[in-house]
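Residue-level structure breakdown
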Amino acid sequence: DFESLHSFFNYQEENMTRVKVYEKPTCTTCRKVVKILNEKGIDFDKIDYFIEPFTKSRLKQLLKKMNMTPVELLRKNDDAYKLLDMKNKTYTNEEILNFMMLNASLIQRPIVEYGDKAVLARPPEKIEELF
C-alpha cells in the first residue's frame, strides 16, 4: 500500500550516503566549499571538528579515503606545528595522529567525504573529484 511504500522511501532517503564536510566555520576555504555545495544543490552535513573532535580511527579512515599520510594533512603554518619543530624532527604516523587528537588546529581543512571517497578541499574545487 501507499503508506508503507512512502515510509520505505523516506527511510531509504534518510540512510543514503550524505556528503560530510569536516570544517571550522570561520575558515574561508570551508565557507567556499559550503557555498559550492549549496550552489550545486547538494545536501550535506557540516561537522565542526573543533566541537565534535575526530577519533583517531575516524581520522585514519579519512586519510585512507583521501590516500594521504598524516604528515600530508598537517597545517604547516599552525603554531603547534612550529612548536613541535615538525619541519626538522621526524615523528611516526601514530605520533602525528596523537598530536592531531590533542590539537585539532593541526589538521588541514576542509575535508569533504562522500561514500568511500574523501578529499582535502584545498583548493575548494577539489570537491569536483567526489561527484
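Computed from a predicted structure; not experimentally measured. Residue indices follow the written sequence of each chain, beginning from 1 at its first position. Local features are withheld for residues below a pLDDT of 70 in this predicted model, meaning they are given only at 70 or higher, and side-chain atom pairs are given and counted only at 80 or more; totals for whole chains, interfaces and linings count all residues. Excluded from the side-chain calculation are hydrogens and water; included are all heavy atoms of the structure.

Considerations on the overall build of the protein chain
Numbering of helices and strands runs from the N terminus, with a helix taken as a DSSP run of H or I at least four residues long and a strand as a DSSP run of E at least two residues long. When its secondary structure is counted, the protein chain shows five helices and four strands. When its helices and strands are written in sequence order, the protein chain yields α-β-α-β-α-α-α-β-β. Relative accessibility under 20% of the residue-type maximum defines a buried residue, over 50% an exposed one, and the middle range a partly exposed one, all with a 1.4 Å probe and only protein chains included. Relative to its 131 residues, the protein chain shows a buried fraction of 40%. Intrachain contacts of the protein chain at a sequence separation of at least 6 include 66% that bridge at least 24 residues. Of the roughly 8400 Å² that the protein chain leaves accessible, carbon and sulfur atoms contribute 52%. For this analysis, residues touch if any pair of their heavy atoms sits within 4.5 Å. Per-residue and other accessible areas follow the Shrake-Rupley method at a 1.4 Å probe size, with only the shown protein chains counted as cover for residues.

Considerations on helix H3 (residues 56-66)
Along H3, the residues that are buried comprise Arg58, Leu59, Leu62, Leu63 and Met66. In an axial view of H3, the angular spread of the buried residues amounts to 140°, which keeps them on one side of the axis. Next to the buried residues of H3 lie strand E1 (19-23), helix H5 (93-102), strand E3 (111-114) and strand E4 (117-120). Positive backbone phi, approximately 55°, marks Asn67, located one or two places after H3. Arc, as used here, means the arc of the directions from the helix axis to the C-beta atoms.

Observations regarding unusual backbone geometry
In this chain, Arg109 is followed by Pro110 through a cis amide linkage whose omega measures -5°. Residue Pro123 is reached from Arg122 by a cis peptide bond, and omega for that bond is 0°. Considering the arrangement of structural elements, one finds Pro123 in the segment after E4. Although it is not a glycine, Asn67 adopts a positive phi angle of roughly 55°. Relative to the assigned elements, Asn67 resides in the loop between H3 and helix H4 (79-83). A relative accessible area of 71% means that Asn67 is categorised as exposed. A positive phi angle is found at Asp85, which is not glycine, with a value near 50°. Checked against the element boundaries, Asp85 lands in the loop between H4 and H5. The exposure class assigned to Asp85 is partly exposed, which follows from its relative accessible area of 28%.

Some details on the environment of Thr55
Residue position: Thr55 is located in the loop between strand E2 (44-48) and H3. Residue classification places Thr55 among the partly exposed positions, given a relative accessible area of 45%. In this structure the C-alpha to C-alpha distance between Thr55 and Met100, which are 45 residues apart in sequence, comes to 9.8 Å.

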